[in-house]
Amino acid sequence: MILIDNNSSKALYEQIYDELTRLILSKVLKPDEKLPSVRELAAMIKINPNTIQKAYKSLEENNYIYTVKGVGNFVKDSIELRSIYIKNLEEKLSEAIKSLKELGLNDEYIIDLVRKILKPNEG
């Protein structure tokens, strides 16, 4: 369910955050689904519970999950989150294209680059 790369330069809690975000946005984790407790998840992926707690806290701050005191952490509805996430990605893509244009690259080159990224085995 959650993949951790011990060789990554990214902090463990960020990796957990990213993995849970991916699972929520891809609808693997359903709205109002209960997440494993901090201790359960820590035991499953063999990571310090404080690291899991930090990831859960970030997820809650960014409205991916909500907490019911004494009950646990639950997934928020992903439809709104998904549209916000897509809008953020569109903004990042727009910034990347703008940067490429500022380097003097023409539209055709940028489009070809996007095609290569979309279909890496075709070229």
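Here the structure is a predicted model, which is why all the values come from computation and not from measurement.

Draft legend 1. Inspection of the pattern of salt bridges at higher detail. Within the structure shown, the criterion is met by 6 salt bridges. Residue Asp18 pairs with Lys10 through a salt bridge whose shortest N-O separation is 2.5 Å. On the basis of relative accessible area, Asp18 is assigned to the partly exposed category, the value being 31%. Lys10 sits in the partly exposed class, given a relative accessible area of 36%. Here Glu91 makes a salt bridge to Lys87, at a shortest N to O gap of 3.5 Å. Separated by 4 residues within a single helix, Glu91 and Lys87 lie in helix H4 (residues 78–102), roughly one turn from each other. Residue Glu91 is classed as partly exposed on the basis of its relative accessible area, which comes to 40%.

Draft legend 2. Representation of the packing of aromatic side chains within the structure. This structure, assessed with the given rule, holds 2 aromatic pairs. When the ring of Tyr17 is compared with that of Tyr64, the centres are 6.0 Å apart and the planes differ by 90°; the resulting orientation is edge-to-face. Of the two residues, Tyr17 is situated in helix H1 (residues 12–25) and Tyr64 in the loop between helix H3 (49–61) and strand E1 (65–68); the sequence distance between them amounts to 47 residues. Side by side, Tyr17 and Tyr64 carry an identical accessibility label, which is buried. Summarising the aromatic geometry, the rings of Tyr66 and Phe74 are spaced 5.6 Å apart at their centres and angled 20° between planes, so their arrangement reads as stacked. On the basis of relative accessibility, which here comes to 12%, the residue Phe74 falls in the buried class. When the ring centre of Tyr13 is taken as reference, the NZ or CZ atom of Lys54 above it lies at 4.3 Å.

Draft legend 3. The arrangement of the packing of H1 against H3 in detail. Axis separation between H1 and H3 bottoms out at 8 Å; the angle between their running directions is 50°. By the angle class used here, H1 and H3 are oblique. The interaxial crossing formed by H1 with H3 has right-handed handedness. Where H1 abuts H3, its residues Leu12, Tyr13, Ile16, Tyr17, Leu20 and Thr21 lie against Thr51, Ile52, Lys54, Ala55, Tyr56, Ser58 and Leu59. The residue makeup of the contact of H1 with H3, split by class, is 9 nonpolar, 3 polar and 1 charged.

Draft legend 4. Seen up close, unusual backbone geometry. Residues other than glycine seldom take positive phi values, yet Asp32 does so here, at roughly 70°. Mapping Asp32 onto the fold places it in the loop between H1 and helix H2 (38–45). Judged by relative accessible area, Asp32 falls into the exposed class, the value being 51%. Of note in the backbone geometry, Asn63 takes a positive phi value of approximately 65° without being a glycine.

Draft legend 5. Structural detail: the side chain of Glu19. Turning to its location among the elements, Glu19 is positioned in helix H1. When near neighbours in sequence (up to four residues on either side) are disregarded, Glu19 contacts Met1, Ile2 and Leu3.

Draft legend 6. Spotlight on helix H5 (residues 107–118). Its 12 residues place the ends of H5 16 Å apart at the C-alpha level, agreeing with the 16 Å of an ideal helix rising 1.5 Å per residue. Two to three positions downstream of the cap, the backbone nitrogen of Glu108 sits 3.2 Å from a side-chain oxygen, assigning the N-cap of H5 to Asn106.

Calculation notes
Once a new chain begins, its residue numbering starts again from 1 and follows that chain's sequence as written. Under the rules for a predicted model, residues below a pLDDT of 70 receive no local features and side-chain atom pairs below 80 are neither given nor counted, while totals for whole chains, interfaces and linings still include all residues. Where side-chain values are given, they derive from all heavy atoms of the structure, hydrogens and water being excluded. Whenever a carboxyl oxygen of Asp or Glu lies within 4 Å of a side-chain nitrogen of Lys or Arg, that contact is scored as a salt bridge. Using a 1.4 Å probe on the protein chains alone, a residue whose accessible area is under 20% of its type maximum counts as buried, one over 50% counts as exposed, and one in between counts as partly exposed. A run of H or I in DSSP counts as a helix once it spans at least four residues, and a run of E counts as a strand once it spans at least two, with each numbered from the N terminus. In this analysis, rings of Phe, Tyr and Trp, with Trp reduced to its six-membered ring, are considered paired at centre separations within 6.5 Å, and the interplanar angle assigns stacked below 30 degrees, edge-to-face beyond 60, and tilted for intermediate values. In this scheme, the term charge over a ring applies when either NZ of a lysine or CZ of an arginine sits within 6 Å of the ring centre and within 35 degrees of the ring normal. Lines fitted to C-alpha atoms define the axes here, with helix axes fitted over just the stretch in contact, and angles between the N-to-C directions of these axes take values from 0 to 180 degrees. In what follows, roughly perpendicular refers to angles from 65 to 115 degrees, roughly parallel to angles under 35, roughly antiparallel to angles over 145, and oblique to any angle outside these ranges. Note on convention: the crossing is left-handed when the near helix lies turned anticlockwise from the far helix by less than a right angle, right-handed when the turn is clockwise. Here, residues are in contact when the closest pair of their heavy atoms is within 4.5 Å. Any residue outside Ala, Val, Leu, Ile, Met, Phe, Trp, Tyr, Cys, Pro, Asp, Glu, Lys and Arg is labelled polar, Gly included; the first ten of those are nonpolar and the last four are charged. Take the number of residues in a helix, subtract one, and multiply by 1.5 Å to get its expected span. By the criterion applied in these results, polar contacts are pairs of N or O atoms within 3.5 Å in which, for protein atoms, one can donate a hydrogen and the other can accept it, and in which residues neighboring in sequence qualify only through two side-chain atoms.

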